[in-house]
Amino acid sequence: MKTIFNRTTIRKYSNREVSDTLLKELLSKAELTPTMGNLQLYSVIATRNSEMKQKLAPTHFNQPMVENAAVVLTFCADFNRTTVWANNRKGTPGYDNFLSFLNAATDALLYCQTFTNLAEAEGLGTCFLGTTIYNPKQIIDLLKLPKLVMPVATLTIGWPDETPTQPDRLPLESILHEETYTDYTAESIDQYYKVKESLEENKHFVEINKTETLAQIYTDIRYKKSDNEAISTGLLETLKQQGFL
Ligand SMILES: Cc1cc2nc3c(=O)[nH]c(=O)nc-3n(C[C@H](O)[C@H](O)[C@H](O)COP(=O)(O)O)c2cc1C
């Protein structure tokens, strides 16, 4: 059985169907996730239609999981439903601001993670796509998201067709600060990143990317300052367009 201890991201799926009954059962159970004021400030768009998956794929930089997965779920921070409810009940909603986006995004991401845990326990494979917030405008158009709805995460789901080895994690002492934050020193960084940097696959990564260090693969290739700044500009524009700024 899959648990948090043996889980991994799954990017290759078999052709086996993911039934609507199972999907709805898991999405329904995940509703028990805590949310702000129990308002459930999220919505999820389920994509099964292959034409639609084809259209979504470029927004995720054509990562093959989007077209190969049985189901693609787009999790959205949603203050629209609550706002419509309040307007229809003599309320005066004030959720067109950044705080409300953060609250709704928190609800949506927690809901997404609970769903992931339940799906993995059922034996399903999932892949979280952070690219959702890289190209949100296109996703909004394709999924017809109204104001006060913002896509924040995508999960591709299917029955696994691979068994990847579990990636490493940093030691607990590197992330846990007791009582107050202890800032990192050159020595503690050496100690905490020693295992990661000595893994054969990471050494190979450095070799093929022709960088000097593993960190440079992240800073100079995968998640570059210039890309981060350009994506941030688009993200802020989209939050404005959706009425959250
Ligand atoms: C914010 C975030 C963004 C991610 N984006 C992607 C992505 O775009 N493509 C992908 O294949 N995996 C993506 N992942 C999955 C990570 O690569 C994966 O969780 C990580 O490498 C650890 O591997 P594991 O989940 O197998 O333990 C993302 C995960 C998170 C939390």
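Structure: see above.
Figured I'd write up the structure that's included with this text. (Residues numbered from 1 in each chain as written. Predicted model: local features only at pLDDT ≥ 70, side-chain atom pairs only at ≥ 80, totals over all residues. Heavy atoms only, no water.)

A word on the sheet that holds strand E1 (residues 42-47). The strands making up a sheet associate through backbone hydrogen bonding, with each pair oriented either parallel or antiparallel. The four strands lie next to each other as E1-E2-E4-E3, forming an open sheet whose pairing is antiparallel. Looking at the sheet topology across the chains shown, the edges are occupied by E1 and strand E3 (125-129). Going across the sheet, the axis of each strand differs from the next one's by a mean of 25°, ignoring polarity. (Pairing = 2+ DSSP bridges. Helix = DSSP H or I, 4+ residues; strand = E, 2+ residues; numbered from the N terminus. Axes fitted to C-alpha atoms, helices over the stretch in contact; angles between N-to-C directions.)

Time to look at helix H1 (residues 20-29). Here H1 has its buried residues at Leu 22, Leu 23, Leu 26 and Leu 27. Down the axis of H1, the sector holding all buried residues measures 130°, keeping them to one side. When the buried face of H1 is taken as reference, the exposed residues oriented beyond 90 degrees from it are Thr 21 and Lys 24. Contacts made by the buried residues of H1 are with E1, strand E2 (71-78) and helix H5 (98-121). (Buried < 20%, exposed > 50% of the residue type's maximum accessible area, 1.4 Å probe, protein only. Arc of directions from axis to C-beta. Contact = heavy atoms within 4.5 Å.)

Neighbouring the ligand are Arg 7, Thr 8, Thr 9, Arg 11, Gln 63, Met 65, Cys 127, Phe 128, Leu 129, Gly 130, Pro 167 and Arg 169. Contacts to the ligand include Arg 7, whose side-chain N or O atom sits 3.0 Å from an oxygen atom. Within the side chain of Gln 63, one N or O atom sits 2.7 Å away from a nitrogen atom of the ligand. A total of 620 Å² of accessible area belongs to the ligand in isolation, and the protein chains cover 60% of it. Grouping the constituent residues of the shell around the ligand by class yields five nonpolar, four polar and three charged. (Near = heavy atom within 4 Å. Polar contact = N/O pair within 3.5 Å; in protein donor to acceptor, adjacent residues only side chain to side chain. Areas by Shrake-Rupley, 256 points an atom, 1.4 Å probe, with all protein chains shown as cover. Nonpolar A, V, L, I, M, F, W, Y, C, P; charged D, E, K, R; others polar.)

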